[in-house]
Amino acid sequence: MSEMRNPLARARGLGSSKSGLPHWRSQRITAVALLLLIPWLVWSLLQLAGTGHVQAVSFVADPLNATLLILLLMCMLYHAMLGLQVIIEDYIHHHGLSLVLLFAIRIAAAAGVITAVIHVLKLVLGA
């Protein structure tokens, strides 16, 4: 039975990436979520313009607003991580450097999500 892959791909051990569709789908889902959440954020910021700290804290402390803010931050950081991953995979050809950069952006995104969730929950819980 003959091999269906290109000889160069076979020689390099390359072929189907096997993870392109889920990555693409995740990026599109987060983009649609951001298209819905960013107008909410802009509207919220316009509503809060000219108000004080107390009103802003009470706005974020509302469970619906806190949930939407956490979703926005999670989607934004995940979407950014996916986009940076594509850039690194496409333009950084040194394997070791690309691994370090991919690890760094994942750690930075996770740290951003954890920090954001902690601070929003502190406002919700009044801590």
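Because the structure is a prediction, the values reported are computed rather than measured. (Residues numbered from 1 in each chain as written. Predicted model: local features only at pLDDT ≥ 70, side-chain atom pairs only at ≥ 80, totals over all residues. Heavy atoms only, no water.)

*Asks:* Can you tell me about helix H2 (residues 20-48), naming the residues and giving the values?
*Replies:* With 29 residues, H2 should cover 42 Å at 1.5 Å per step; its first-to-last C-alpha distance of 41 Å lies within 8% of that length. What H2 keeps buried is the set His 23, Gln 27, Thr 30, Leu 34, Leu 37, Trp 40, Ser 44 and Leu 48. Looking at the buried positions of H2, the neighbouring elements they touch are helix H3 (53-61) and helix H4 (63-91). Following H2 by one or two positions, Gly 50 adopts a phi angle in the positive range, close to 85 degrees. (Helix = DSSP H or I, 4+ residues; strand = E, 2+ residues; numbered from the N terminus. Expected span 1.5 Å × (residues − 1). Buried < 20%, exposed > 50% of the residue type's maximum accessible area, 1.4 Å probe, protein only. Contact = heavy atoms within 4.5 Å.)

*Asks:* Requested: an account of a nonpolar patch on the surface, with residues and values cited.
*Replies:* A cluster of nonpolar side chains, contributed by Ile 38, Val 42 and Leu 46, occupies part of the molecular surface with about 280 Å² of accessible area. Note that Ile 38 resides in helix H2. (Patch = residues over 30% accessible without salt bridge, like charges linked within 9 Å, V, L, I, M, F, W, Y side chains within 5 Å. Areas by Shrake-Rupley, 256 points an atom, 1.4 Å probe, with all protein chains shown as cover. Salt bridge = Lys/Arg side-chain N within 4 Å of Asp/Glu carboxyl O.)

*Asks:* Any chance you could break down the nonpolar core for me, citing the residues and the numbers?
*Replies:* Formed by 13 residues in total, the largest nonpolar core has its most connected members in Trp 40, Phe 59, Val 60, Leu 69, Leu 72 and Val 120. Only H2, H3 and H4 provide two or more residues apiece to this core. Here this core gets 6 residues from one element, more than from any other, and that element is H4. In contact with Leu 72, not counting residues within four places along its chain, are Leu 34, Leu 37, Ile 38 and Leu 41. One finds Met 81, Ile 88, Leu 102 and Ala 109 within the second-largest nonpolar core, a separate group that totals 5 residues. (Core = buried A, V, L, I, M, F, W, Y, C linked by side-chain atoms within 4.5 Å.)

*Asks:* How would you sum up the packing of H4 against helix H5 (residues 95-125)? Please name residues and give values.
*Replies:* Here H4 crosses H5 at 175 degrees, and the two axes come no closer than 10 Å. In terms of orientation, H4 and H5 fall into the roughly antiparallel class. Contacts between H4 and H5 pair Ala 66, Leu 69, Ile 70, Leu 73, Met 74, Leu 77, Met 81, Leu 84, Gln 85 and Ile 88 from the former with Ser 98, Leu 101, Leu 102, Ile 105, Arg 106, Ala 109, Gly 112, Val 113, Ala 116, Val 117, Val 120 and Val 124 from the latter. Residue classes in the contact of H4 with H5 are distributed as 18 nonpolar, 3 polar and 1 charged. (Axes fitted to C-alpha atoms, helices over the stretch in contact; angles between N-to-C directions. Parallel < 35°, antiparallel > 145°, perpendicular 65-115°, else oblique. Nonpolar A, V, L, I, M, F, W, Y, C, P; charged D, E, K, R; others polar.)

*Asks:* Give me the packing of H2 against H3: which residues, what numbers.
*Replies:* Each pair of packed helices can be summarised by the angle the axes make with each other and by the distance between the axes. Direction vectors running N to C along H2 and H3 enclose 150 degrees, while the axes themselves pass 10 Å from each other. Of the possible angle classes, the one that applies to H2 and H3 is roughly antiparallel. H2 and H3 meet at a crossing whose hand is right-handed. Facing Trp 40, Ser 44 and Leu 48 of H2, the residues of H3 in contact are Gln 55, Ala 56 and Phe 59. Taken together, the residues of the contact of H2 with H3 sort by class into 4 nonpolar, 2 polar and no charged. (Left-handed = near helix turned anticlockwise from the far one by under 90°.)

Function cannot be inferred from these measures alone, as they are strictly geometric.
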